[in-house]
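Spelled out, the chains give:
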Amino acid sequence: MEGKPRPAASASDAISAMDGLIATSIVGQQEFARNLGLSVTDLVCFAYVLEAGDSPVTAGDLAGRAHVTTGAVTGILNRLERGGFVTREPDPADRRRVRVAAVPAAEERVRAIYEPYYARLAELFADYAPDEIAVLADWFTRAGALARAYLEESCDD
């Protein structure tokens, strides 16, 4: 598949378009979280649990990734557990740590909300040639790493 002609754009145009996407995504996350009976931070933490798959996730891991205190993550996990999203069990290697796992039925509830959106994104990506998708994937990966690094540098407590 050959790429389609694209309108010329500057880095400033791309940043502006990205800002618009991020703003809309924030609103979307708020709505998705509300539909699930969660806060955005709770949903973000649940997404990190899902992302880990079968790898154990600890409360400390979630606190670090979500940039919240370990005390705050305890409240988040309490809400997620009460809502039927996660289970907690002691880490067999260190009984002081807790491992967090997604409840399969909750994973299905979240997928039901996100899959129609992801299907539309897949349709959008179908409009791009494989080499363009490679550039997009590279950019998203590198921009994500840059954002995480900037967050770490600028939000030190």
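Under an unreviewed UniProt entry, the name given to the chain is MarR family transcriptional regulator, and the source organism is Streptomyces pratisoli.

What to know about the overall build of the chain
When its secondary structure is counted, the chain shows 6 helices and 3 strands. For the chain, the N- to C-terminal ordering of α and β elements is α-α-β-α-α-β-β-α-α. Taking the principal axes of its C-alpha atoms as reference, the chain extends roughly 55 × 35 × 30 Å. A sequence separation of at least 24 residues applies to 48% of the contacts in the chain between residues at least 6 apart. Counting every atom, the chain has about 10,800 Å² of accessible surface; 58% of that belongs to carbon and sulfur.

Some words on the layout of surface pockets
Of the pockets and cavities examined, the largest pocket occupies roughly 2,800 Å³. Every residue lining the largest pocket is counted, 50 residues in all, and those nearest its centre are Leu21, Ile22, Ser25, Tyr117 and Phe140. Only helix 1 (11-36), helix 2 (40-52), helix 3 (59-66), helix 5 (104-125) and helix 6 (130-154) provide two or more residues apiece to the lining of the largest pocket. The element contributing the most residues to the lining of the largest pocket is helix 1, with 14 residues. Split into classes, the residues belonging to the lining of the largest pocket amount to 33 nonpolar, 9 polar and 8 charged. Each pocket or cavity is described by its volume, and for the second largest pocket that value is around 200 Å³. Elements with a contribution of two residues or more to the lining of the second largest pocket: helix 2, strand 2 (86-91) and strand 3 (94-102). Ranked by the residues each element gives to the lining of the second largest pocket, the list is headed by strand 3, at 4 residues. Along the lines of polarity and charge, the residues of the lining of the second largest pocket split into 8 nonpolar, 3 polar and 4 charged.

Describing the state of the cysteines
In the structure shown here, the tally under the stated rule is 0 disulfides. For the unlinked cysteine Cys45, the closest cysteine sulfur is that of Cys155, found at 16 Å. Owing to a relative accessible area of 0%, Cys45 belongs among the buried residues under this scheme. Residue Cys155 is classed as partly exposed on the basis of its relative accessible area of 39%.

Considering the pattern of salt bridges
Scanning the entire structure with this criterion turns up 11 salt bridges. The salt bridge involving Lys4 is made with Asp127; its shortest N-O contact spans 2.3 Å. With Lys4 in the segment before helix 1 and Asp127 in the loop between helix 5 and helix 6, this residue pair connects regions lying 123 residues apart in the sequence. On the accessibility criterion, Lys4 (42% relative accessible area) is partly exposed.

Conventions we followed
Counting starts from 1 at the beginning of each chain's written sequence and moves along it residue by residue. Under the rules for a predicted model, residues below a pLDDT of 70 receive no local features and side-chain atom pairs below 80 are neither given nor counted, while totals for whole chains, interfaces and linings still include all residues. The basis for every side-chain value is the complete set of heavy atoms in the structure, and neither hydrogens nor water enter the calculation. Every helix listed is a DSSP run of H or I at least four residues long, and every strand listed is a run of E at least two residues long, numbered separately from the N terminus. It only takes one pair of heavy atoms within 4.5 Å for two residues to be counted as in contact. Per-residue accessibility takes into account occlusion by the displayed protein chains alone, with areas from the Shrake-Rupley method and a 1.4 Å probe. Points on a 1 Å grid, built from protein atoms alone, make a cavity when a 1.4 Å probe fits but cannot get out and make a pocket when they are open with protein on both sides within 12 Å along at least 5 of 7 lines; residues with an atom within 4 Å of a point are the lining residues. Grid points are joined across faces, edges and corners, and a volume is the space filled by probe spheres set on the points. Asp, Glu, Lys and Arg are counted as charged, while Ala, Val, Leu, Ile, Met, Phe, Trp, Tyr, Cys and Pro are counted as nonpolar; the rest, among them Gly, fall into the polar class. Here, a disulfide means two cysteine sulfur atoms that sit within 2.5 Å of each other. Buried, partly exposed and exposed residues are distinguished by accessible area as a fraction of the type maximum, computed with a 1.4 Å probe on protein chains only: under 20%, between the cut-offs, and over 50%, respectively. Salt bridges, as used here, are contacts in which a Lys or Arg side-chain nitrogen is within 4 Å of a carboxyl oxygen on Asp or Glu.

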